[in-house]
Amino acid sequence: DSADPSSEPAALDADAAANGVGGEARGATLALQAEFEELSRELQELWVANEQRDEDDPERLPLDDLVIDLDQQRAWRDEAEEKVRARKAEITTDIMTKQVIARRMKAEFWDAMERPAASLHPMGDAEASTAAPVSSYALPHPTPRRARALAVAKLFRSVESLVASHEAEKGSRSAAGVADALGDSERFAVAVAAAERSASDSPGGSRSGSPPGRRKQRTSDEAAVGAGGEDALADVRGAGLEYKLFEVTTHWRRAAQLLLVDELVRGLRERFNERFNEAFGHKTSTLDQLREKQARVSEIAAELRLLGAEEPPSDGMKLGLHPDEEPDKVLRVADSEVNATRWIPPEEQARLDRLQAEAQAREAAANADSVAKRGLVTMMNNSLEIRSPDEAVFDEVVPPPGLEKPEEEQTAEDKAAIKGYEERRKNLAAEREKRSNTLLAELGKVRDEIGGLYAAFNSRLASLSEARMSFDEACHEAELLRTRWSQAQLSRELITKTTSSLLARVRRATDRRDAAADRLDDFSGKVAEVQRVCEALATEDKKLDREYRREATEHPDFADALLKLYRRRAVVAAGGASRTSAGSEGASRDPFPEVTPEAPPAVEPLVEGRDAPEGLPGELWTQLVEARDQNIAVEAELTRCTAKLADMTRCLQALSEEEEAAQAEFDDASSALSRHRQAALVGAWDVELPFKLRQGQVEVEEAAVVTDYARATLMPRVQIERLNAEVKRLGGEKVAVLEEIRDFRRGIVQLQWDTKRVEMEISDLVEKTRDVQLLRVTKSLQEKLQGGSTGSHAAETASLERKYE
């Protein structure tokens with residue numbers, strides 16, 4: 001039941017392997033293990049000392065007395081084992097979770113790439129090198145949907161090109177064109193199926209190949225980007241299946257152009273990646289050559305150390321690939337990157353120990369004494385290499401025994417041996433110096449060759465960087481065009497939605513206008529009918545008045561009284577009051593009193609005993625009452641009809657206003673739809689074209705960040721050249737006029753100068769004449785005036801000759 005000391009360190013190691021993921025945890029585990037081993041060693045020493053005591057020694061303790069509480073010790077051990085199992089389960093779960101995440105991330109970000117991006121760094125001293133790192137393009141695998149869309153776009157574009165060429169040639173190659181179109185359609189169908197199979201069967205795919213069908217359609221890609229990648233956008237606009245920029249107007253053409261330009265940009269990037277691979281291969285071959293050169297430099301340095309010469313300084317360059325140049329390295333984990341202590345199961349450790357023991361046994365058997373080994377030692381001094389004569393320079397000259405003797409004790413043989421020793425030593429020193437100079441010269445040459453390799457690769461990397469800039473320029477310009485075409489597609493969708501909305505608005509306005517117009521027409525007919533009734537009643541009322549007036553005039557004695565009674569329209573007060581009170585009572589029970597029509601006022605009837613004139617015959621009174629009642633009834637009907645007509649006129653005005661509002665809404669919607677369609681038409685034909693302009697050709701003032709060219713005008717080159725020619729012509733004429741003015745002014749100045757010169761000469765002559773006139777004539781002057789003496793002339797001549805000499 002005693003505790004097994006050897007099991008505790010194993011448990012500690014397992015716990016350290018489970019928990020230790022860094023140096024700190026590993027150090028704490030090792031410290032705890034060392035403390036445990038120290039306590040175990042002390043316990044073992046005490047146990048040995050206890051066992052060495054005699055049986056009857058009272059200080060000797062039995063085994064049971066050494067263990068304080070076995071149950072508690074067992075409980076602790078069980079608790080520790082449970083913690084270890086829980087920790088192992090937690091670690092296993094965490095590892096499985098990370099593995100699932102890693103697989104998903106790898107499938108999403110790595111396997112989905114046909115070729116991951118890599119970088120190529122310069123070689124040699126990074127600070128002294130002018131070349132910058134160059135990166136390749138990352139190429140994703142095309143999806144099956146995109147591959148099919150591209151194949152369909154190519155198919156229809158090819159058919160469209162064939163139809164256009166057929167129409168251009170006016171049917172000269174109708175049969176051949178149809179046959180080619182059918183053949184192309186079959187090839188495209190095969191290519192579509194192959195692309196779908198390739199994309200669906202291998203989503204990760206090969207990192208060096210391309211989807212089937214792409215190589216057959218690389219006519220435009222093969223022509224893309226010249227020797228240095230210059231003007232690669234010209235190939236993007238090129239002579240393949242892509243539309244010209246002026247032809248990208250419709251929705252289908254924009255959609256097809258997007259796919260074709262994407263494929264062409266992909267071809268450009270593949271072309272650059274091919275150059276990148278060639279440069280990478282050149283770097284690997286250069287590294288192999290550099291390793292050979294470095295090996296030779298190491299050999300030369302070793303030989304110089306053996307010769308005792310001064311060792312040359314090392315260049316300190318490390319040969320190898322940069323981590324960015326090996327993108328696959330990110331998926332590999334080196335043992336040096338793992339800081340945790342590796343836990344090896346006992347079975348695996350036993351297998352490794354067995355393999356190591358077998359290897360040691362084989363090595364011992366190989367080093368054992370044998371006939372072949374003894375023969376090699378005897379015949380070739382235990383070496384299979386043949387020593388060259390040049391290696392004798394590394395040997396040391398053994399001094400003769402007599403060199404240490406005093407000179408008086410040396411014999412003739414000793415002196416001869418010493419003399420030969422000195423000569424050999426001098427010859428060896430001369431040979432070593434010669435060999436050292438030769439090695440130093442070779443070392444300089446090798447290092448120059450290393451520098452040449454560095455410079456050659458860095459020069460090629462600089463050229464590759466320039467090509468990358470050209471390819472980037474072409475790809476960015478194509479992506480800019482793609483962005484504009486995508487915006488046009490989005491604008492088209494927005495235009496379609498806006499058009500649908502405006503059409504629905506126009507339909508609603510049309511329905512409302514038509515409904516209002518129908519209601520207005522129906523009600524106008526009703527108003528016209530009521531108006532005709534009113535006119536008929538008014539005519540009838542006038543007719544009744546005329547007839548009774550004619551009848552009354554037949555009785556001149558009673559005519560005025562009868563007409564007065566006929567026209568009297570007195571209202572009954574009591575009846576009105578009673579009706580008014582009844583109306584108020586009814587209005588109190590009427591839920592809509594404001595719209596209840598008022599009853600017409602009651603006309604007081606004629607009373608024969610009160611109103612009849614004296615002597616009026618009964619038949620005239622009867623005719624008066626009947627004619628008056630008939631006229632009152634007609635007037636009442638006319639009043640009701642007039643009121644109805646007024647109400648209907650107001651309703652007709654409201655309907656007319658409603659119809660006008662509906663018409664205005666329809667006109668507004670129609671004008672909005674017309675403006676929108678006009679703007680859509682202008683936008684559809686307003687094709688955006690990219691232009692490359694030199695900085696001197698841009699006359700717009702540049703802003704700090706982004707220059708706004710919204711109000712800029714693109715002038716044709718012909719107009720600019722014509723304007724420049726006109727300016728030069730006018731400038732030439734102005735220069736000719738200025739030259740003529742200059743010449744004329746020169747003549748004026750010349751005349752002024754001549755005039756001034758003549759005036760000055762006249763003034764000088766006048767002064768000289770005055771001096772001559774005022775000159776005092778002396779005797780010597782008279783002699784000179786008369787010719788002078790011979791001696792004086794001779795003296796003057798001699799003086800002049802001396803001056804001349």
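Residues numbered from 1 in each chain as written. Predicted model: local features only at pLDDT ≥ 70, side-chain atom pairs only at ≥ 80, totals over all residues. Heavy atoms only, no water.

1. Topic: the overall build of the chain
Note the threshold: By the criteria applied, helices consist of DSSP H or I runs no shorter than four residues and strands consist of E runs no shorter than two, each listed in order from the N terminus. Three labels apply to residues, based on accessible area from a 1.4 Å probe with only protein chains included: buried if under 20% of the type maximum, exposed if over 50%, partly exposed otherwise in between. Contacts are assigned to residue pairs that have any heavy atoms within 4.5 Å of one another. The method behind every accessible area is Shrake-Rupley, applied with a 1.4 Å probe, and residues are considered shielded solely by the protein chains displayed.
Counting its secondary structure elements, the chain contains 19 helices and 4 strands. Residue burial in the chain is summarised as follows: out of 805 residues, 22% are buried. When contacts within the chain are restricted to residue pairs at least 6 apart in sequence, those whose partners lie at least 24 apart make up 77%. Element-wise, carbon and sulfur atoms account for 55% of the exposed surface of the chain, whose accessible area totals about 56700 Å².

2. Looking at the packing of aromatic side chains
Formally: A pair of aromatic rings is counted whenever rings of Phe, Tyr or Trp (Trp by its six-membered ring) have centres within 6.5 Å, and the orientation is called stacked for planes under 30 degrees apart, edge-to-face for over 60 and tilted otherwise. Ring-over charges, as used throughout, are those where CZ of Arg or NZ of Lys falls within 6 Å of the ring centre and within 35 degrees of the ring normal.
On inspection of all chains with the given rule, the structure shows 3 aromatic pairs. Judged by centre distance (5.4 Å) and plane angle (75°), the ring pair of Tyr137 and Phe272 falls under edge-to-face. Of this pair, Tyr137 sits in the loop between strand S3 (134–135) and strand S4 (139–140) while Phe272 sits in helix H9 (residues 251–307), and the two are 135 residues apart along the sequence. Neither Tyr137 nor Phe272 differs from the other in exposure class; each is buried. On the numbers, 6.0 Å between centres and 80° between planes, the contact of Phe156 with Trp252 is edge-to-face. In this pair, Phe156 sits in helix H5 (residues 144–168) while Trp252 sits in helix H9, placing the two residues 96 residues apart along the sequence. Here the guanidinium or amino end of Arg468 rests over the ring plane of Tyr137, the centre of that ring lying 4.0 Å away.

3. So, the nonpolar core
Applied cut-off: Working definition of a nonpolar core: buried Ala, Val, Leu, Ile, Met, Phe, Trp, Tyr and Cys residues. They are joined through side-chain atoms within 4.5 Å.
One finds Leu120, Leu290, Leu461, Leu464 and Trp485 to be the most contacted residues of the largest nonpolar core, which totals 44 residues. The set of elements that each furnish at least two residues to this core consists of H5, H9 and helix H12 (412–553). When residues no more than four places from it in sequence are discounted, the contact partners of Trp485 are Leu245, Val248, Arg254, Gln257, Leu258 and Val261. Ala552, Phe558, Ala627 and Val634 belong to the second-largest nonpolar core, a separate cluster that totals 15 residues.

4. Regarding a nonpolar patch on the surface
Definition in use: Exposure above 30% relative accessible area and the lack of any salt bridge qualify a residue for a patch; like charges then connect within 9 Å, and the nonpolar side chains Val, Leu, Ile, Met, Phe, Trp and Tyr within 5 Å. Throughout this description, the term salt bridge denotes a Lys or Arg side-chain nitrogen within 4 Å of a carboxyl oxygen of Asp or Glu.
On the surface, a nonpolar cluster with roughly 320 Å² of combined accessible area is contributed by Ile101, Met105 and Phe109. Within the secondary structure, Met105 sits in helix H4 (residues 70–109). Residue class for Met105 comes out partly exposed when judged on its relative accessible area of 45%.

5. As for the pattern of salt bridges
Across all of its chains, the model carries 35 salt bridges by this definition. Among the salt bridges present, the one from Glu658 reaches Arg519, with a minimum N-O distance of 2.5 Å. Note that Glu658 is positioned in helix H16 (residues 618–685) and Arg519 in helix H12, a separation of 139 residues in sequence. Judged by its relative accessible area of 37%, Arg519 falls in the partly exposed class. Three or more residues joined by partner-sharing salt bridges are found here, namely Glu114, Arg266 and Glu270.

6. Topic: the confidence of the model for the chain
As a reminder of what qualifies: What pLDDT conveys is the predictor's confidence in a given residue, as a value from 0 to 100.
Summing up the model confidence of the chain, the mean pLDDT is 77 and the portion of residues at 70 or higher is 78%. Per-element averaging of pLDDT across the chain places helix H7 (residues 219–223) at the bottom with 35 and helix H17 (residues 717–773) at the top with 92. In this model, residues 574–588 is a region of pLDDT below 50 whose contacts with residues beyond four sequence positions or in other chains number 2 contacts.

7. Describing the environment of Gly240
Mapped onto the secondary structure, Gly240 falls in the loop between helix H8 (232–236) and H9. For Gly240, a relative accessible area of 26% translates into the label partly exposed. Separated by 82 residues in the primary sequence, Gly240 and Ser158 have C-alpha atoms spaced 9.7 Å apart.

8. Topic: the packing of helix H13 (residues 559–567) against H16
A pair of packed helices is characterised by two quantities: the angle between their axes and the separation of those axes. Just so we agree on the cut-off: Axes here mean lines fitted to C-alpha atoms, for a helix over just the part in contact, with angles spanning 0 to 180 degrees between N-to-C directions. Each crossing is labelled by how the near helix is turned from the far one, with a counterclockwise turn of less than a right angle marking it left-handed and a clockwise turn marking it right-handed. Nonpolar residues are Ala, Val, Leu, Ile, Met, Phe, Trp, Tyr, Cys and Pro. Charged residues are Asp, Glu, Lys and Arg, and all others, Gly as well, are polar.
Contact pair H13 / H16: the axes reach a minimum separation of 9 Å and the direction vectors enclose 30°. With respect to the hand of their crossing, H13 and H16 are arranged in right-handed fashion. Contact residues: H13 offers Leu562, Leu565 and Tyr566, while H16 offers Trp621, Leu624, Ala627, Arg628 and Asn631. Residues of the contact of H13 with H16, tallied by class, amount to 6 nonpolar, 1 polar and 1 charged.

9. A closer look at the environment of Arg677
Mapped onto the elements, Arg677 comes out in helix H16. C-alpha of Arg677 to C-alpha of Thr498: the two residues are 179 residues apart in sequence and 9.9 Å apart in space.

10. Some words on the state of the cysteines
Basically, it comes down to this: We call a pair of cysteine sulfur atoms a disulfide when they lie within 2.5 Å.
This model, assessed by the stated rule, comprises 1 disulfide. In this model Cys534 forms its disulfide with Cys641; the gap between the sulfur atoms is 2.2 Å. Taking the sign of the S-S torsion, about -110° here, the bridge from Cys534 to Cys641 comes out left-handed. Placement of the pair is Cys534 in helix H12 and Cys641 in helix H16, with a sequence separation of 107 residues. Using a relative accessible area of 7% as the deciding quantity, one classes Cys534 as buried. What makes Cys641 buried here is its relative accessible area of 7%.

11. Regarding the side chain of Ser158
Worth spelling out the cut-off: N or O atoms within 3.5 Å of each other form a polar contact, as long as, within protein, one can give a hydrogen and the other can take it, and as long as residues adjacent in sequence are counted only when both atoms are side-chain atoms.
Take Ser158: it is sitting in helix H5. In this structure the side chain of Ser158 is engaged in a polar contact, spanning 2.8 Å, whose partner is the backbone oxygen of Lys154.

12. Observations concerning the packing of H5 against H9
What counts is decided by this rule: Angles below 35 degrees are treated as roughly parallel, those above 145 as roughly antiparallel, those between 65 and 115 as roughly perpendicular, and all remaining angles as oblique.
Close contact between H5 and H9 brings their axes to 9 Å; oriented N to C, the two are set at 115°. Comparing their axes, H9 and H5 come out roughly perpendicular. Along this stretch, H5 crosses H9, giving a crossing that reads as left-handed. Residues Arg146, Ala149, Leu150, Ala153, Lys154, Phe156, Arg157 and Glu160 of H5 lie in contact with H9, whose contacting residues are Trp252, Arg253, Ala256, Leu259, Leu260, Asp262 and Glu263. Residues that form the contact of H5 with H9 fall into these classes: 8 nonpolar, no polar and 7 charged.

13. Overview of a positive patch on the surface
Going by this rule: We score Asp and Glu as negative and Lys and Arg as positive, and we do not count His or the chain ends. Where a charge sits is defined by one atom per residue type, namely NZ (Lys), CZ (Arg), CG (Asp) or CD (Glu).
Together, Lys542, Lys543, Arg546, Arg549, Arg550 and Arg567 make up a region of like positive charge exposed at the surface. Examining the composition of the positive patch, we find that 5 residues originate from one element, H12, more than from any other. Its location among the elements puts Arg567 in helix H13.

14. Section: the side chain of Arg157
Examined against the element boundaries, Arg157 turns out to sit in helix H5. Arg157 gets classed as buried once you look at its relative accessible area, which sits at 10%.

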